[in-house]
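# Examination of the molecular architecture
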Amino acid sequence: MFGEKILEYWDDILKDLETLVAIPSVAVPTEGPHPFGDPCAKALDTAVELARGYGLTAKNVDYYAAHAEYGEGEGNAVVMAHLDVVPAGEGWATDPFTMVLDDNHAYGRGVSDNKGAAVVALHCLRALKDAGVKGNRKLRVIFGSAEEIGMQDMKHYFSKEQLPDMGFTPDAEYGVCHCEKGGLNFRVTGESGPVVISLSAGTVVNAVPYKALCQIRCTPEERAALEEKAQGQKASFTITATEDGASIVAVGKAAHAASPQEGVNAVSYLVELLWDVFGEKLGTFFQFVHEKIGLTYDGSLIGVNLWDEPSGPLTFNLGLMQVKDGAASLTVDIRYPATKDGEEITATLRQQVEACGLNFERLSLSVPLYLPKESQLVTLLSGAYKDITGEDCEVFAMGGGTYARTMQGRGVAFGAGFKDQEDSHAHDVNERIDLRRFKLHAQICLEAMYRMLTAE
């Protein structure tokens, strides 16, 4: 198999990954020439420099994205990866922006999501060039810089550059993800009420918040009730007396918003604890959180618990909450089934929120992705996987949103993780990759890129 040739580049792959992990490329919308901040711009510059150093054509597209290219022809196949990362968060055993190799693992923010796969794809392109493979189209590796905050980088990139005929993004799991749920983010705002002075939870909407901090007004008796009810919860609580009440720290477990059931939402458990003691004294905002969200992650309390056969159930993640100076806000990440209508879901949410006397704002809506299992691309990628691994390639759906949906029906998610491997902690502390499985991914990736380049 041609894919095995990637192993010749292994030392360079690890060296280049170390270089990119050292760049804290958390995307932040920014005025000026670097639309997602200087660190993301540095990551794109670095990718372009690496590509040119390996003899590849490379281009930076207005610091929204960049690509490396090999081959000729009117057609265009792509591999799309992103160089932006979620914030590091607290609790790492190592420096998140220093790649550490330990016992067949690499640790660091972005090694799994998605810098590792980006570096592998770059070296696959290099391997094809070095081998002088003649193809039937151009082959590009596209490096994005704002995947984690809504993929506006690709909207701009494809306004300037050619859409692909076919492509994949190695930002999920094997086999082939032919169906991605739609995405919908919304914000609710209102007044905080008399009990909660301040509250802060979450760093990004597409992750389950593992920590929530809160200052409240309460009597010593109410504080004692909080301490009693905090025992035996899935989230852990530290409650400290203050001059006019209490300080509360809730700690849960982070997870990706596409699978919120795998986490423990610290702020949801905090609100339920407060409701148990204070009830309606908390005010309408917290009453809404208690009655319409609670501890659920399927949207059932707010009337949007939907399901379909290709993609499964809707997921609902309370990702951010803030209370300051009497104003309260929360932000939710929804992944909805591929055959359902995002506008209808929005209408239901708006009605439910406004009926509670609060303000509703939809922040984003991304349409689902769906390719038939019998399509040429799914068949090609499935064949590459089977020939490298010797195993049949599963075709599946997921809730995560990837760059595949920006290819407008021409691409899918394919790799780089494996369903039976340990958790990579992609949006959690101590993010890691299993280097043995990473090598297998590299071979599959090169075989798939070879087949896309040479396919009739």
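Under an unreviewed UniProt entry, the name given to the chain is Sapep family Mn(2+)-dependent dipeptidase, and the source organism is Candidatus Acutalibacter pullistercoris. Check the Cofactor (unreviewed entry) section of the UniProt entry for the chain; it says "Zn(2+)".

## A look at helix H4 (residues 152–160)
Since the α-helix packs 3.6 residues into each turn, any two residues three or four apart lie on the same face. For H4, every residue scored as buried is listed here: Asp 153, Met 154, His 156, Tyr 157 and Phe 158. In the core, the buried residues of H4 are packed alongside strand S1 (57–61), strand S2 (65–70), strand S3 (76–82) and strand S6 (138–144).

## Things to note about the sheet that holds strand S5 (residues 105–107)
Across the sheet, which stays open at both edges, the three strands sit in the order S4-S5-S24 with antiparallel pairing between neighbours. Each of the sheet's edge strands pairs with one partner strand only, and the pair in question is strand S4 (100–102) and strand S24 (432–434). The sheet shows a mean angle of 20° between the axes of neighbouring strands, direction not considered. Those strands touched by helix H10 (residues 435–454) are S4, S5 and S24, and its axis lies near 75° from that of S24.

## Some thoughts on the sheet that holds strand S10 (residues 182–191)
Strand order in the open sheet formed by eight strands is S13-S14-S12-S11-S17-S18-S10-S19, with antiparallel pairing between adjacent strands. Each of the sheet's edge strands pairs with one partner strand only, and the pair in question is strand S13 (236–241) and strand S19 (359–366). The sheet shows a mean angle of 20° between the axes of neighbouring strands, direction not considered. Examined bridge by bridge, S10 and S19 share seven bridges and lie antiparallel to one another. Each bridged residue has a counterpart across the sheet, and for Leu 184 the counterpart in S19 is Leu 365. Set on the sheet, helix H6 (residues 266–278) makes contact with strand S11 (196–201), strand S12 (211–217), S13, strand S14 (245–251) and strand S17 (315–324); between it and S12 the angle comes to about 25°.

## Concerning the packing of helix H5 (residues 220–229) against H6
Packed helix pairs are specified by the crossing angle of their axes together with the interaxial distance, meaning the distance between the axes. Running from N to C, H5 and H6 point in directions that differ by 130°, and their axes come no closer than 10 Å. As summarised for this structure, H5 and H6 are arranged oblique, according to the angle between their axes. The two elements H5 and H6 cross, and the hand of that crossing is right-handed. Contact residues: Glu 222, Ala 225, Leu 226 and Lys 229 in H5; Leu 273, Leu 274, Asp 276, Val 277 and Phe 278 in H6. Tallied by class, the residues present in the contact of H5 with H6 amount to six nonpolar, no polar and three charged.

Reading guide: rules and limits
- Residues numbered from 1 in each chain as written.
- Predicted model: local features only at pLDDT ≥ 70, side-chain atom pairs only at ≥ 80, totals over all residues.
- Heavy atoms only, no water.
- UniProt positions renumbered as here; feature names shortened; annotations may be inferred.
- Buried < 20%, exposed > 50% of the residue type's maximum accessible area, 1.4 Å probe, protein only.
- Helix = DSSP H or I, 4+ residues; strand = E, 2+ residues; numbered from the N terminus.
- Contact = heavy atoms within 4.5 Å.
- Pairing = 2+ DSSP bridges.
- Axes fitted to C-alpha atoms, helices over the stretch in contact; angles between N-to-C directions.
- Parallel < 35°, antiparallel > 145°, perpendicular 65-115°, else oblique.
- Left-handed = near helix turned anticlockwise from the far one by under 90°.
- Nonpolar A, V, L, I, M, F, W, Y, C, P; charged D, E, K, R; others polar.

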